[in-house]
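So the chains spell out like this:
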Amino acid sequence: AGLSTGQRVVTVQKGPLYRVRGSHVTLWCKVSGYQGPAEQNFQWSIYLPSAPEREVQIVSTVDPFFPYAIYTQRVRSRGIYVERVQGDAVLLHITDLQDWDAGEYECHTPNTDERYFGSYSAKTNLSVIADTLWASMVPQVLTRTEGDAVELTCEVSKSTAQHTHLSVGWYRLQGAGERRAEEVLTLSKDFVLRPGPSYVQRFLAGDVRLNKIGNTTYKLSIGGAEPSDRGQLYCEAAEWIEDPDETWKDISRKQTERTSLAVMSQGRDLSVDIAAAETSLSEGDTLQLNCTVGAQKSSSRHFQVLWLLNSVEVARVDPHGVLIWEDEYEERAKLGQLRAFKQSNVVYVLTIYEVELKDNGTYHCSVSEVKTPGDFHSIQTNLSSGIQVDVKPIGYRMRLSVSTSTPQVMAGDALILFCEVQGATSPMSVQWWHLPPQHPGPQVPVATMERDGTLSLGSTYQDGRTQGSLRLEKASSGTFTLVIPNTLDESDGGRYGCEATEWSRGQSWTEEEETVVTVSSMDEVLSSRAGLGLHAMLRSRIATIRYGQSFELDCQVNARYTLKEVPVSVGWLFQPSPPTGHYHELVRVLPSGTVAWGTAQPHFQAKAQLTKAATSFRLRIHNAVAADEGTYQCEVEVWRRNTLMLGQPAAAARSNAVGIKVVLPESKLQVATKESSVEIAGGADTAIECKIMFAQNNSHFTVTWYLLPPPPADANPLKIIRAHYSSILEYGAEFSSPAQKSRFLSQRVSSNIFWLRILSANPRDQGRYYCVVEEWLWLVDGWYRLGEGASGRTTLEFKLPEHELHLEKTNGSISVREGEEVTLHCLLRGTRLPTAHLSATWFWGEESDRTRPLLTLHCDGAIEYPQESLAGRLHLRHPTAGDFSLTLRSVEKGDAGVYHCQVQEWQQQTEGKDRALEAWAHSEYIRLTTIPP
């Protein structure tokens, strides 16, 4: 497609299209008849119904800044994106369609043609409609025996205004974690029943059916269930609409809840399982044991169940459900402490409502099958595995822990203490006590919470100082919180203890724990700046950051007291790289929490995140760029409460400097370096390959093609063409003429393969070709070049003609005065076929190994001048007579150097085909020396 010279045509998916709100929508667009690279770029815009004449840009394959602000976030988060299907075709994806996405969409392709010819954009309409599809099935748990019938119903409806069709299908998941569902049977949108691969034979036999009952009910019937039918069954409905291109599109799908189907195969095996909700209990708890019988066609069979504790019978239930207790348990059963019953023919329950220590042990249930309810001879008996039940005395599990979130506070701050009780199963009472520092006397009661929640305060805490403010709360079932909002002085410090008591059946169990707190006066702490011993140390886990990554700086603060006890401000300082000699203040967080941003480095504000921990402050910088490289410091200041932010701080400390370096991602580029050769006949087309073996994801590539001419030509490589990642083409000086541009084309044939196409190759094109690939990546704020790699050389050679041309020998050296004219001879000897066509090229250079074309005479008589400035001074003699001598008029000093000519003979092929090179010849070198006038 990249070589086409027809009229450009852009085609977009035909509208109007109707899609439902919330769905994932795609629109296709393709271009044909274009010139330029095979990978074309696309830009999508929308014209909203509210402003049909105004273009709103959405997304582009080439310009990351193309989207308007209302679409920027959705494009960045890939809520809207473009998928390239091939070089000249794309899909626009809208992952979560909204009402405001309705409108006229335009697909535009930027021009890569030599001239504007054709259409460069196309439009289509998209309408957003409500999702009215509804599907429902009552979830069930079904157990069937092999051969039983299974019926499931699904309710499906829609109320879409447009003409749509429904498809309804049933699917089966083999297990709960299975993701790939198996199709059972589907009624398609064309009203055709289609069975899944595993159900074809049963469908043809009429054993699996799907019937529509009324307007909204669909029933799946399986005549004889098989073990392979077990799993999770659900119904899926889809709504279809016919697009203007006569294709059908599913615009909505809904799945119902699942029904669990178990199918038991025929057999007489008897299985018995025992289970308990809880096996570790305290006295007075409830124990419930379930005994489950597994058997085929259990409803028509008869079972007798025995409950056993440590292999001794507790109770039995006969096939009629009649219960018989052993003597030891009968009295407790009469008191309502025990219960055993037959829940169903396969489920039996034993409940002990108030367990005692003697209920410890291993429980079993034994199931015997009999032919008839009154039969004393069992057909078979099976015993369950044992289940161990442990009954502990009340209070054995109670554990107590006391903690505080305020181990060191300033006078006037609050004390918060926690008492956490674990393992208690009965009502509790809690008492807090206090023992001040240096106080040998008895513990001072603080507060008590009784079992019924009644709260009482100790005598010391009942005066006006704390009355109504001290709080004792039950935060959860086992956590009690004591809050003293206002500490007066150091005497409120010391030891605080919690005593918890569990009560049950007239007995009690008590646990006690304590913790220590310190209360200091502000004057004591801040009497001097040295009082805090304040130090700050700055750290970073990573010193070298890649573009686009985030990094975090941790300012660790050491002092005699925690940061929560005193008013603290922290400032973050930055010196760019290379150093400027002084630091800029990025941001400062005041004790009140106010954040003040500096003005010297404003770009930090949009991407910096500030956090505070117990002993540190953190600065996190997102999406690192070159401007973030430099050295950082943190500055911590402590203030007196009564002079907050007035005058000088009570103490201050500045951290060490930490250097951050921002580097580009490492290039992963690998280009194929294998050497190769290509041999072609004159006039044929050929292609040189450049293959990328590996590169970064999302990389873009700039490919430059070079030619190393064969000896004795120029040893320096000649730049042919540079194909920029943005589709801009640059030709080298020797290949910039229209004729050369039309013969040398750079083409991308796949994501990792580029070709240099050479059309109508001739002997002047011989040499070694290679490519240089540059890897480019978009990083945060622009395009960056990660690295480059050169390919191996591909040698282009021509098949030698069967015969040669012969040129007459010429003088090896000519002198001429500047301003005069001189003729350089190039005469062809011998006769030629009447059908032969000749072409000739004159070359010039300062030395024989560094020549370049001056002019070329083509077979059709056209003359090409690579250097247009010389066209008026160059003249060919008589090309039709085989004389290709070159006359150079008004000789200048810069004309001195080495000249030679090359003549080629071509033969016309069969009708409709190009000419083929039959022979060629090179003249001897002529050295021209100029003489000043």
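Novice: Quick one: what's the story with the overall build of the protein, residue by residue and with numbers?
Specialist: Per the secondary structure count, the protein includes 5 helices and 75 strands. The C-alpha radius of gyration computed for the protein amounts to 46 Å, which surpasses the reference 30 Å derived for 933 residues by more than 25%, pointing to a less compact arrangement than a globule. Considered along the principal axes of its C-alpha atoms, the protein spans approximately 135 × 95 × 55 Å. The buried share of the protein, taken over its 933 residues, is 45%. Sequence-distant contacts in the protein: of pairs separated by 6 or more residues, those separated by 24 or more amount to 61%. About 46900 Å² of surface is accessible on the protein, with carbon and sulfur atoms providing 48% of the total.

Novice: Report on empty space enclosed by the protein, specifying residues and quantitative values.
Specialist: A probe as big as a water molecule, rolled over the atoms, marks out the empty space that is left. Evaluation of the coordinates by the stated rule reveals 1 cavity of 30 Å³ or more. Every residue lining the largest cavity is listed: Ile58, Tyr71, Ile80, Leu92, Ile94, Asp101 and Tyr105. Split by residue class, the lining of the largest cavity holds 6 nonpolar, no polar and 1 charged.

Novice: So, the side chain of Thr930: which residues are in play, and what are the values?
Specialist: Position of Thr930 among the secondary structure elements: in strand β75 (residues 926-931). Residue class for Thr930 comes out buried when judged on its relative accessible area of 16%. Among residues more than four places away in sequence, those in contact with Thr930 are Val816, Glu818, Val891, Glu892, Lys893 and Ala896.

Novice: Which residues make up the sheet that holds strand β39 (residues 479-484), and what values go with them?
Specialist: The strand order across the open sheet built from 4 strands is β32-β34-β39-β38, with neighbouring strands paired in antiparallel fashion. Edge positions in the open sheet fall to β32 (399-404) and β38 (471-474), since each of these has one partner strand only. In this sheet, neighbouring strand axes are inclined to one another by 15° on average, regardless of whether the strands run parallel or antiparallel. Where β38 lies against β39, 4 bridges are found, and the strand directions are antiparallel.

Novice: A description of the state of the cysteines should follow, citing residues and the corresponding values.
Specialist: A full pass over the atoms with the stated rule returns 7 disulfides. Note that Cys291 is cross-linked by a disulfide to Cys365, the S-S spacing being 2.1 Å. On the sign convention where negative is left-handed, the bridge of Cys291 and Cys365, at about 75° about the S-S bond, is right-handed. With Cys291 in strand β23 (residues 287-294) and Cys365 in strand β29 (residues 361-370), this residue pair connects regions lying 74 residues apart in the sequence.

Novice: How would you sum up the sheet that holds strand β40 (residues 494-504)? Please name residues and give values.
Specialist: Strands sit in the order β33-β41-β40-β35-β36-β37 across an open sheet of 6 strands; the sheet is mixed. At either end of the open sheet lies a strand with only one pairing partner, and these are β33 (408-410) and β37 (455-457). Each strand axis lies, on average, 25° off the axis of its neighbour in the sheet, ignoring direction.

Novice: Summarise the packing of aromatic side chains; cite the residues concerned and give the values.
Specialist: Going through the model one piece at a time under the given rule, you end up with 12 aromatic pairs. Centroid distance Phe551 to Tyr632: 6.0 Å. Interplanar angle 70°. Geometry classified as edge-to-face. Remark: Tyr632 occurs in strand β50 (residues 630-638) and Phe551 occurs in strand β44 (residues 551-558); sequence separation between them is 81 residues. One exposure class covers both Phe551 and Tyr632, and it is buried. On the numbers, 5.2 Å between centres and 40° between planes, the contact of Tyr725 with Trp776 is tilted. Separated by 51 residues along the polypeptide, Tyr725 in the loop between β57 (718-723) and β58 (729-731) and Trp776 in strand β61 (residues 767-779) bring together distant segments of the chain. The ring of Phe341 has Arg339 lying over it, and the distance from NZ or CZ to the ring centre is 4.2 Å.

Novice: Any details on the environment of Ser699? Residues and values, ideally.
Specialist: Tracing the backbone shows Ser699 in the loop between β55 (686-694) and β56 (700-708). Look at Ser699 and you get buried, because its relative accessible area is 12%. Counting along the chain gives 26 residues from Ser699 to Tyr725, while the straight-line C-alpha distance between them is 9.5 Å. Other than its neighbours up to four places away in sequence, Ser699 contacts Glu775, Trp776 and Leu777. A distance of 3.1 Å separates the side chain of Ser699 from the backbone oxygen of Gln696, its partner in a polar contact.

Novice: If you had to explain the environment of Trp503 to someone new, which residues and values would you point to?
Specialist: Along the chain, Trp503 turns up in strand β40. What makes Trp503 partly exposed here is its relative accessible area of 31%. Spatially, the C-alpha atoms of Trp503 and Arg451 are 8.4 Å apart, while their sequence positions differ by 52 residues. Beyond its immediate sequence surroundings of up to four residues, Trp503 is in contact with Ser426, Pro427, Ser429, Arg451 and Ser508. Within the local environment of Trp503, its side chain forms a polar contact with the side chain of Ser429, the two groups lying 3.3 Å apart.

Novice: Could you give an account of the confidence of the model for the protein, naming the residues involved and the relevant values?
Specialist: With 91% of its residues at a pLDDT of 70 or more, the protein has an overall mean of 85. Ignoring residues within four places in sequence, the model shows residues 527-531, a span with pLDDT below 50, making 8 contacts including any to other chains.

Novice: Hey, could you go over a negative patch on the surface for me, with residue numbers and the actual values?
Specialist: Taken together, the side chains of Glu326, Asp327, Glu328, Glu330 and Glu331 present a region of like negative charge at the surface. Following the sequence through the fold, Asp327 ends up in helix α3 (residues 327-334).

Novice: Describe in detail the pattern of salt bridges, supporting the description with residues and values.
Specialist: Two side chains carrying opposite charge are able to pair once their charged atoms lie near each other. Here the structure, examined in full by the defined rule, presents 42 salt bridges. Of the charged contacts in the structure, one is a salt bridge between Arg19 and Asp243, with a shortest N-O distance of 2.9 Å. Placement of the pair is Arg19 in strand β2 (residues 17-20) and Asp243 in the loop between β18 (231-242) and β19 (248-255), with a sequence separation of 224 residues. For the pair formed by Arg19 and Asp243, the shared burial category is buried. Among the charged side chains, a salt-bridge network with shared partners connects Lys719, Arg722, Glu730, Glu774, Arg785 and Glu788.

Novice: Could you give an account of the nonpolar core, with specific residues and numbers?
Specialist: Counting 37 residues, the largest nonpolar core has Leu538, Phe551, Leu553, Cys555, Trp572, Tyr632 and Ile660 as the members making the most contacts within it. Counting 34 residues, the second-largest nonpolar core is a separate cluster that includes Leu281, Leu289, Cys365 and Val391.

Novice: Describe the side chain of Arg748, with residues and values.
Specialist: With respect to the secondary-structure elements, Arg748 resides in strand β59 (residues 744-748). Note on Arg748: relative accessible area 19%, which makes it buried. At 2.7 Å, the side chain of Arg748 and the backbone oxygen of Ser751 are in polar contact. Apart from the residues within four sequence positions on either side, Arg748 is in contact with Ala38, Glu39, Phe701, Ile753 and Phe754.

Novice: An account of unusual backbone geometry is requested, with residue identities and associated values reported.
Specialist: A cis amide bond, omega 0°, links Gly15 with the succeeding residue Pro16. Relative to the helices and strands, Pro16 is located in the loop between β1 (9-12) and β2. The omega angle of the peptide bond from Ser577 to Pro578 is 0°, so this bond is cis rather than trans. One can find Pro578 in the loop between β45 (568-576) and β46 (584-589).

What counts as what
- Numbers given to residues run from 1 along each chain, matching the order in which its sequence is written.
- Thresholds applied to this predicted model are a pLDDT of at least 70 for local features of residues and 80 or more for the giving and counting of side-chain atom pairs; totals over whole chains, interfaces and linings are not thresholded and use all residues.
- The side-chain numbers reported here are obtained from all heavy atoms of the structure, hydrogens and water having been left aside.
- For the purposes of this entry, the term helix denotes a DSSP run of H or I that reaches at least four residues, the term strand denotes a run of E that reaches at least two, and both are numbered from the N terminus.
- Our radius of gyration is a C-alpha quantity, and the globule rule it is checked against amounts to 2.2 Å times the number of residues to the power 0.38.
- The classification of residues rests on relative accessible area computed with a 1.4 Å probe and restricted to protein chains. Under 20% of the type maximum is buried, over 50% is exposed, and intermediate values are partly exposed.
- Whether two residues touch is decided by their heavy atoms; if any such pair falls within 4.5 Å, the residues are in contact.
- The Shrake-Rupley method, run with a 1.4 Å probe sphere, supplies the accessible areas, and residue values consider only the shown protein chains as cover.
- Think of a 1 Å grid over the protein atoms and nothing else: a 1.4 Å probe that fits but is trapped marks a cavity, an open set flanked by protein within 12 Å on at least five of seven lines marks a pocket, and residues with an atom within 4 Å of a point count as lining.
- Grid points are joined across faces, edges and corners, and a volume is the space filled by probe spheres set on the points.
- Basically, the charged four are Asp, Glu, Lys and Arg, the nonpolar ten are Ala, Val, Leu, Ile, Met, Phe, Trp, Tyr, Cys and Pro, and anything else, Gly included, counts as polar.
- DSSP bridges decide pairing: two strands pair if at least two such bridges lie between them.
- Lines fitted to C-alpha atoms define the axes here, with helix axes fitted over just the stretch in contact, and angles between the N-to-C directions of these axes take values from 0 to 180 degrees.
- Disulfide: a pair of cysteine sulfur atoms within 2.5 Å of each other.
- Put simply, two rings from Phe, Tyr or Trp (the six-membered ring, in Trp's case) pair if the centres are within 6.5 Å, and we call them stacked under 30 degrees between planes, edge-to-face over 60, tilted for the rest.
- Distance and angle both matter: a charge sits over a ring if NZ of Lys or CZ of Arg is within 6 Å of the ring centre and within 35 degrees of the ring normal.
- Whenever a nitrogen or oxygen atom comes within 3.5 Å of another N or O atom, the pair is scored as a polar contact, on the condition that within protein one atom can donate a hydrogen and the other can accept it, and that pairs from neighbouring residues in sequence are kept only if both atoms are in side chains.
- A score between 0 and 100, pLDDT records how confident the predictor is in each residue.
- Patches here: salt-bridge-free residues with over 30% relative accessible area, like charges joined within 9 Å, nonpolar side chains (Val, Leu, Ile, Met, Phe, Trp, Tyr) joined within 5 Å.
- Here, a salt bridge means any side-chain nitrogen of Lys or Arg that lies within 4 Å of a carboxyl oxygen of Asp or Glu.
- By the counting rule applied here, Lys and Arg register as positive and Asp and Glu as negative, while His and the ends of each chain are not counted.
- Note on charges: their place is set at NZ of Lys, CZ of Arg, CG of Asp or CD of Glu.
- In this description, a nonpolar core means a group of buried Ala, Val, Leu, Ile, Met, Phe, Trp, Tyr and Cys residues linked to one another through side-chain atoms lying within 4.5 Å.

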